[in-house]
Each structure stands twice: as C-alpha cells, then as structure tokens.
Amino acid sequence: MVKAALLEVGIISTAVCLPVTSVMASVKNWIFSVLEKHRGLVVLLFCLPASFLFDLLLRIHCYIVRLCDCRTHLDKVKEVQSAVRRWNDLPLSERKLLCTARPNWLSLSTTFFQKDQCHKIAIPLYNILSLDEANLSVKVEPLVKVGDITKYLLPKGYALAVHLEIAEATLGGLAMGVGMTTHSHKVGLFQETILSFDIVLSDGSLVHVTKDNQFSDLFKALPWSHGTLGFVVALELKIIPAEPFVHMHYIPVIGKKRYCSLLYELSGASDTKKNTPDFLEATIYSKHEAVILAGWFSDISDNVEVNQINRWYKPWFYKHVETFLKKGKSEELIPLEDYLLRHNRSIFWVLESMLPFGNLTIFRYLFGWLLPPKIAFLKYTTTPGIRKLTFTKQVFQDIVLPLATLEQQVDRSEELFDLYPLLVYPCRVYDWGPRSGQVPTPSPDMLCPGTNYAMYNDLGIYGVPGHVKRKSKYNPTEAMRKMESFTRSVGGFSFLYADIFMTKEEFEQMFDLQLYEQMRKKYSADHAFPHLYDKIKPEIDVLSIGTVID
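Everything numeric here is computed off the predicted structure, so don't read it as measured data.

On a plain count of helices and strands, the protein comes out with 22 helices and 16 strands. Among the 550 residues that make up the protein, the fraction classed as buried is 53%. Surface exposure of the protein reaches about 24600 Å², of which carbon and sulfur atoms provide 57%.

Now the structure itself:
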C-alpha cells in the first residue's frame, strides 16, 4: 500500500522493488537536499512569517498574563516556595530532580535538557522591581529580558554594566549562566555585576545571597550553576551612567600579529592606567584582516554623522563593519540602544547560512522588518533530525581564552573550522582566590600588572565550517574535541549555553567544581537538582556523532 501511494505521486517510480525503509530513507534525503539547496526560500516563505506570527501570539499571551496577574512579587515567590515544599512532602520514590517549568524552546541554549524527566516548578517572574539611582543598581525578576531592561534603563540615562546583544536573553539566565559584552574589558563577566540573589533552596526556604553575608560561599557558586543549586527569584545588578550615543571608531588592520597586538594594547592589558574605550571588540574577516571597533559614550554634540544601524533597511552590522576594510579608518555616532543590540537582526552572522540573500538591499527594504526569526520559534520547530544536522554541519561556540593567545586561537579555529568572521571581545577574568567559583583562576603570570585580573577574550565561532561548504571531509566531534583540548591547555573555558563535547572528567579539568560540589552538599542540592554536567551536556551522544561528511 505504501509503495502504491508513493508511485501515484511519482516519488519512487524507478525504485518499486526497493524495501520501504530504503525508499523512505531516499525520500528523506531528497527532502533534506531540497531544503538545503533552497533554504533561503523556505526561510522567507515559511519561517519568517510563521516566526512573526508565533512571536506576536507569544507577546499577546504574555501581555494578557501580566495584565490579569494581580499577584505581588512576594506572592509569586511564596508560590514557588510552596511548590518546592510540596515536592519535599512526596515519598522519596516519587521525587524527580527539580527544574523550572519554562519550556526548552524559550531558552537561548542550543541544548534540549530533558525536562520531562524532572519535577517542574513554575517560575512566573517577569517584572522589573526597583531602580536605585543612588547606588547605581536595579532589582529584577529572573525572566526579565535584555530587550525589556534596555527600554527601561536607557530613557533614564543608564545601562547594564554587562549587556548581551540578543534581546530575548533573560537576566536570570545570564546570572546563572554567563554573559560578556564589549564593556567587559572594564568590568569582567556578567557575574561581576551581580550584587545579590534571592534564591529558593531545595527545602523551600528563601535566602538573600550577597558576597558579604552568611551565604557568601553560595554567592560565589551560583554563577555558572545553571539552576542546579536553587531557583533564582530575584537579582540585583550594577548599572552604569550612559550617554545617548556611542562614538564609534572603526580601525581596519591588515596582518594577524598587528590586529592581535593592537587589540591587546587597547584593552589596557599591558598598561592598566591607559584610558581604554568604553566599548571594544574586533571582527576578524580572514586570518590576515580584521576591523577593531573602539567606542566611547557620547552625546549629540559630537560633530560626527549619526547612523541608526538597527533600522530594518540598514545593512547587517557585521556587513557594515566589513566595508571599512576598503574605506579605511572611519567614525560615526550610533544610538546607544542600536549599538547594544547591533547583532540582534542577523543573530551575529548565523542568519546568513539560513538566508543567503538576507543582506541584499531589496530584501532588507521589503522584508527586513521581519528579522530576526525568533530563536524560540526556531527551537520550537526543531526536530531530532534537524537537531542532529546542526551538530554535523554547523558550529555555534563562544569560548573564553587568554587574550595573549589570540594568534593561536585564530590559527586553531581556521585549522579546525575554516570559518569566518570570528568575533572577539576582550574581558577581565578576576582572581578571587581559591574555591571562588566554577571559573578557573588565571595563572599568576597572566595577571595584568598590579591587578588581580587577567585579560581574556571571548572567541565567537558561528556558522557553517568551510569543510562543509566545500563538501570535504569533516568530523565535527574530532574538531570540537581538539578545540576543547586547546582551550583547556591554555587555561580557557567554554560558554555552557553551547554544546560541549567533553567527558565529565574533561569537564572537571576545565572548570573548578570544588566549591560547587561543597554547595551541592551544604544546601542539599545534590539530591534535589541535576548536576551541572548533566544539566548542560547535549541530549545527543556527541562523542559518537562524528560521522565523516563527504
């Protein structure tokens, strides 16, 4: 019957005698081939409109929920506590490990943690709670998004000290995971800007956690814990005074040694008294070509042209930056909100592999307002087959490495992935002494003169490897494991929102889990929450997925 039906539509007219499984495999491969060859049209005709409607419905739903929700912050926290206590009342045989009820597709992590195997606790906490202008801090609930806090703070003349470029990221996710931005060479990772956490522990108790109170040990372990020590229900963050514009200097540099040296110098790593830019990054377009971006807060009085880079019809930001390789040094004023979310429309340069014609002028004017496709929608529609395909044909990694090794980083990335552009953000990594959290302590020889921090950088590797584009042999497992091995060898560490290819033993070599394991036992999280490695490891067996692609 199956063969007859397929014959009627002409799919297997030349393969009548093949087994059904073989035919279905052929059909599946044909469909994937068509989708791959015409992925731009598929994204344009289906993904973008569907993503737009999906996001619209999601926004309406959230608006209605918030409008009808008359509970105070304290009321909602008490409900979280009650839910955890009810879990404690269950017989031991019925207690599954705890996790939030927030669907996987709403997170920015590339992994799909199997929440169906856990006891899910609803965390309906989406509000900005207070602004303390005297002490330069803001208190928020964990599900406040970067886009929301930006629109709240900027009109008041403030910004987060560490600000992610993707509007959909949540502040709780950044606090329990990691965040870094182009101001990080001045302040460090997102965790350095956290003043306090309010946490519901495994027994349902609510504790206020700061670096100076009785929970100071827990304060150090919560960043990078990814919700495996307790449920964050509020956090207080540092903010900084902000001008309405960024005065951006574009500095094209030819020569790997030259752009690596200049970036190191501008970061203040060699001269800590240097007046460094407020914002600093580099986009590397080939082994020998890069554009360094150095920006300072500014107001409209600067006699420089204003460029509203996030208008829907404007070129994608990294494409705009690339033009300065030919134009030479240049300056412009960028509205602060536009700059902070500069990579949002094109999801850095990931969108190019999905929508090859997305930066064409005619497309931007006609359809640019539909961008970006919502990450939640892309995750919501990801099938196991597509998920496996992303492992074998794409790379999406952020890796923190000593800035002094940038030349080696570029060489190793080209050798293993042959993929450009590369993103580089300099960032301070502090030495707070032994057992100070999961982030490995910089070695003494790495510390900047007269300080307790070393200058590292985020290396962002996103897109389709050159080997895959050329249809040459490529083993993704081998490539990523070699990159992780290099990262460990120089004292670096991986962002854990992205897929890791490490065994648990290798993971424990990369991260310092001494304090984390102590906190697991001290606050009874070891029998209540998944272990960090189990929480962030891919749901796919990545060690065996490394099939060679022809």
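Moving on, there is more to tell.
Time to look at helix H21 (residues 514–522). Among the residues making up H21, those that are buried are Leu-515, Tyr-516, Met-519 and Arg-520. Each buried residue of H21 sits inside an arc of 145° when the element is viewed along its axis, so together they form one side. Packed against the buried residues of H21 are helix H8 (216–221) and helix H22 (532–536). Of the residues trailing H21, Ser-524 is marked for its positive phi of about 55°.

Let us now look at unusual backbone geometry. Following Leu-371, the chain continues into Pro-372 via a peptide bond in cis, with omega recorded as -5°. By secondary structure assignment, the location of Pro-372 is in the loop between helix H14 (361–367) and helix H15 (375–380). Note the cis peptide between Tyr-420 and Pro-421, where omega equals 0°. Within the element layout of this structure, Pro-421 appears in the loop between helix H17 (406–416) and strand E14 (422–430). At Leu-136, a residue that is not glycine, the phi angle is positive and equals roughly 50°.

Attention shifts here to the packing of aromatic side chains. By the definition in use, this model includes 28 aromatic pairs. Geometrically, the ring pair formed by Trp-349 and Tyr-462 is tilted, given 5.8 Å between the ring centres and 45° between the ring planes. One end of the pair, Trp-349, is in the loop between helix H12 (336–340) and helix H13 (351–354); the other, Tyr-462, is in strand E15 (residues 453–463), and 113 residues separate them in sequence. In this structure, Trp-349 and Tyr-462 share a single accessibility class: buried. Lying over the aromatic face of Tyr-453, Arg-428 brings its terminal NZ or CZ to 4.1 Å of the ring centre.

With that settled, consider helix H9 (residues 256–267). An ideal rise of 1.5 Å per residue puts 16 Å on 12 residues; H9 measures up with 17 Å between its terminal C-alpha atoms. Following H9 by one or two positions, Gly-268 adopts a phi angle in the positive range, close to 85°.

So, on to the sheet that holds strand E10 (residues 279–286). The sheet built from eight strands is open, its strands ordered E12-E9-E11-E10-E14-E15-E13-E16 with antiparallel pairing. Two strands lie at the open edges of the sheet, namely strand E12 (330–335) and strand E16 (493–494), each paired on one side alone. Of the strand pairs in this sheet, strand E9 (residues 245–254) and E12 are connected by six bridges, and their pairing is antiparallel. Looking across to E12, one finds that Phe-245 is bridged to Pro-335. Along the sheet, H9 makes contact with E9, E10, strand E11 (289–298), E14 and E15, crossing E10 at roughly 170°. The sheet strands contacting helix H19 (residues 476–489) are strand E13 (395–402), E15 and E16, and the helix crosses E13 at an angle near 15°.

Its place among the elements puts Thr-405 in the loop between E13 and H17. Once the C-alpha coordinates of Thr-405 and Cys-260 are considered, the two residues, 145 residues apart in sequence, prove to be 8.9 Å apart. A distance of 2.7 Å separates a polar side-chain atom of Thr-405 from the backbone oxygen of Pro-402.

By secondary structure assignment, the location of Asp-198 is in strand E6 (residues 194–200). Note on Asp-198: relative accessible area 10%, which makes it buried. A distance of 2.7 Å separates a polar atom in the side chain of Asp-198 from a polar atom in the side chain of His-208. In contact with Asp-198, not counting residues within four places along its chain, are Lys-139, Leu-206, Val-207, His-208, Phe-231, Val-232, Val-233 and Ala-234.

On to the pairing of strand E8 (residues 231–241), then. Of all 11 residues making up E8, eight are buried, and the element is well covered by its neighbours. Where strand E5 (residues 158–160) and E8 come together, three bridges link them in antiparallel fashion. Note on E8: the bridge partner recorded for Tyr-158 is Pro-241. In this structure, E6 lies alongside E8, joined through six bridges in antiparallel fashion. Looking at the pairing, Asp-198 lines up with Ala-234 of E8.

Turning our attention to the pairing of strand E3 (residues 128–132). Here four bridges tie E3 to strand E4 (residues 137–140), and the two strands are oriented antiparallel to one another. Looking across to E4, one finds that Leu-131 is bridged to Val-138. Following E3, the chain reverses through four residues before pairing antiparallel with E4; Leu-136 in that reversal takes a positive phi of roughly 50°.

What follows covers the nonpolar core. Ranked by size, the top nonpolar core spans 120 residues in total, and within it Leu-171, Phe-197 and Phe-507 carry the most contacts. Among all residues touching Phe-197, those that are not within four sequence positions of it are Ala-175, Met-176, Val-207, His-208, Val-209, Phe-219, Leu-222, Pro-223, Val-232, Ala-234 and Leu-235. The next biggest cluster of nonpolar side chains, apart from the first, holds 42 residues, and it includes Ile-292, Leu-403, Cys-448 and Leu-459.

Before going further, it helps to spend a moment on the confidence of the model for the protein. In this model, the protein carries a mean pLDDT of 88, and residues with pLDDT of at least 70 account for 90%. Between residues 1–20, whose pLDDT stays under 50, and residues either more than four places distant or in other chains, the model counts 17 contacts.

Under the definition given, this model contains 22 salt bridges. Between Lys-257 and Glu-407 there is a salt bridge, with the nearest N and O atoms lying 3.3 Å from each other. Here Lys-257, found in helix H9, pairs with Glu-407, found in helix H17; they are 150 residues apart in sequence, far enough to count as distant. Judged by relative accessible area, Lys-257 falls into the exposed class, the value being 53%. The network of salt bridges with common partners includes Lys-256, Lys-287, Asp-411 and Glu-414.

Let us now look at the packing of H9 against H17. Close contact between H9 and H17 brings their axes to 9 Å; oriented N to C, the two are set at 135°. Classed by the angle they form, the pair H9 and H17 counts as oblique. Taken as a pair, H9 and H17 cross one another with a handedness that is right-handed. Taken together, the residues of H17 that come into contact with H9 (itself represented by Lys-256, Lys-257, Tyr-259, Cys-260 and Leu-263) are Leu-406, Glu-407, Val-410 and Asp-411. Residue classes in the contact of H9 with H17 are distributed as five nonpolar, no polar and four charged.

Thresholds applied
Residues numbered from 1 in each chain as written. Predicted model: local features only at pLDDT ≥ 70, side-chain atom pairs only at ≥ 80, totals over all residues. Heavy atoms only, no water. Helix = DSSP H or I, 4+ residues; strand = E, 2+ residues; numbered from the N terminus. Buried < 20%, exposed > 50% of the residue type's maximum accessible area, 1.4 Å probe, protein only. Areas by Shrake-Rupley, 256 points an atom, 1.4 Å probe, with all protein chains shown as cover. Arc of directions from axis to C-beta. Contact = heavy atoms within 4.5 Å. Phe/Tyr/Trp six-rings, centres within 6.5 Å; stacked < 30°, edge-to-face > 60°. Lys NZ or Arg CZ within 6 Å of the ring centre and 35° of its normal. Expected span 1.5 Å × (residues − 1). Pairing = 2+ DSSP bridges. Axes fitted to C-alpha atoms, helices over the stretch in contact; angles between N-to-C directions. Polar contact = N/O pair within 3.5 Å; in protein donor to acceptor, adjacent residues only side chain to side chain. Core = buried A, V, L, I, M, F, W, Y, C linked by side-chain atoms within 4.5 Å. pLDDT = per-residue confidence, 0-100. Salt bridge = Lys/Arg side-chain N within 4 Å of Asp/Glu carboxyl O. Parallel < 35°, antiparallel > 145°, perpendicular 65-115°, else oblique. Left-handed = near helix turned anticlockwise from the far one by under 90°. Nonpolar A, V, L, I, M, F, W, Y, C, P; charged D, E, K, R; others polar.

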